[in-house]
Amino acid sequence: MNIVKFIFVTIFFHLLLVATAQDEQQGMRYRGFSGGMMLHSGYLFGGTSSVQSTTGKLLGSQNMAGMPWGIGGCLRFHFGNHFRMGMEGHSTTLNYAETGSFFSLGWGGFLFDGYWTHHHWTFFGGGTIGGGRVQNLTLLESTPLDEIAENHSSYRTYGVMLITPFLGIEYAITPKIHLIAKADYLINVLHRQPDFVQGIRCYVGIVFQRYKH
């Protein structure tokens, strides 16, 4: 999937450069803001979570893959006719294996994107730079409903720094209400761990816009 990362990052920087160049010619005055909520899913894979004993013996491992589910939102400020900046934050949870194991990532950061509008449609591309925190609970055995401690399990938590390029489209139901769909790719640039999953996530939601002409 390195080629997918390369494509997302290349498009991200290209669209930002084009949007900035066009708005430098037309003026970068403040044009309003937009924000809303989104649900997402997709397919994540590539992680491996292992459980070791206190002596370092490998007790077992699980491959991490599947469809995540999550929710989040964004707030964007519009400058000129093609440039937006703001912030976004999301929470993603992936249940993997069949024993109740799960991977959870809460993250957020500053977003930048370039956008172009044609009639009711707005096409955009950009990225978010920020960070978050991973929680990963690995259970090698099923957990019955009791009060007995689980033997073969592990819990890991760590921070990450992320670059998240994205591409998307919006449809204006009214001038102030837009439907939004986008896809992104999480790239962990620091503290890489074997249990950090990768893949494309797809979002759908609604955003509210207040635009100054």
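Residues numbered from 1 in each chain as written. Predicted model: local features only at pLDDT ≥ 70, side-chain atom pairs only at ≥ 80, totals over all residues. Heavy atoms only, no water.

(A) The overall build of the chain, seen in detail. Summing up its helical and strand segments, the chain has 1 helix and 10 strands in all. Element order for the chain, N to C, with α for helix and β for strand: α-β-β-β-β-β-β-β-β-β-β. Burial status across the chain gives 42% buried among its 213 residues. For the chain, the share of sequence-separated contacts (at least 6 apart) that also reach a separation of at least 24 residues comes to 68%. When the accessible surface of the chain is totalled, it reaches about 11400 Å², and 64% of it is carbon and sulfur. (Helix = DSSP H or I, 4+ residues; strand = E, 2+ residues; numbered from the N terminus. Buried < 20%, exposed > 50% of the residue type's maximum accessible area, 1.4 Å probe, protein only. Contact = heavy atoms within 4.5 Å. Areas by Shrake-Rupley, 256 points an atom, 1.4 Å probe, with all protein chains shown as cover.)

(B) Fine view of the pattern of salt bridges. Scanning all chains against the criterion turns up 6 salt bridges. Of the charged contacts, one joins Glu170 and Arg76 as a salt bridge, the two residues approaching to 2.9 Å between their closest N and O atoms. Of this pair, Glu170 sits in strand E7 (residues 153–174) while Arg76 is found in strand E3 (residues 69–79), placing the two residues 94 residues apart along the sequence. When sorted by exposure, Glu170 lands in the same class as Arg76, which is buried. Note that Arg84 and Glu170 form a salt bridge whose closest N and O atoms lie 3.3 Å from each other. Taken together, the residues Arg84 in strand E4 (residues 83–96) and Glu170 in strand E7 connect sequence positions 86 residues apart. In terms of burial, Arg84 and Glu170 fall into one category: buried. Here the residues in one salt-bridge network are Arg76, Arg84, Asp113 and Glu170, joined through shared partners. (Salt bridge = Lys/Arg side-chain N within 4 Å of Asp/Glu carboxyl O.)

(C) Unusual backbone geometry, seen in detail. One non-glycine residue, Ala97, adopts positive backbone phi at about 60 degrees. Along the chain, Ala97 falls in the loop between E4 and strand E5 (101–118). On the basis of relative accessible area, Ala97 is assigned to the partly exposed category, the value being 44%. In this structure, His119 is a non-glycine residue whose phi angle is positive, near 55 degrees. The residue His119 is located in the loop between E5 and strand E6 (121–139) in this model.

(D) Geometry of the environment of Ser53. Inspection of the secondary structure puts Ser53 in the loop between strand E1 (30–52) and strand E2 (58–66). The spacing of Ser53 and Ser153 is 100 residues in sequence and 9.6 Å in space, taken between C-alpha atoms. Among the polar contacts listed, one links the side chain of Ser53 to the side chain of Thr55, at a separation of 2.9 Å. (Polar contact = N/O pair within 3.5 Å; in protein donor to acceptor, adjacent residues only side chain to side chain.)

(E) Focus on empty space enclosed by the protein. In total, this model carries 3 cavities of 30 Å³ or more according to the counting rule given. In this structure, the largest cavity spans a volume of roughly 50 Å³. Forming the walls of the largest cavity are Met38, Cys74, Arg76, Glu88, Leu111, Asp113, Phe124, Phe166, Ile180 and Lys182. Elements with a contribution of two residues or more to the lining of the largest cavity: E3, E5 and strand E8 (177–185). A per-class count over the lining of the largest cavity returns 6 nonpolar, no polar and 4 charged. (1 Å grid on protein atoms, 1.4 Å probe; cavity = no way out; pocket = protein on both sides within 12 Å on 5 of 7 lines; lining within 4 Å. Points joined across faces, edges and corners; volume = space filled by probe spheres on them. Nonpolar A, V, L, I, M, F, W, Y, C, P; charged D, E, K, R; others polar.)

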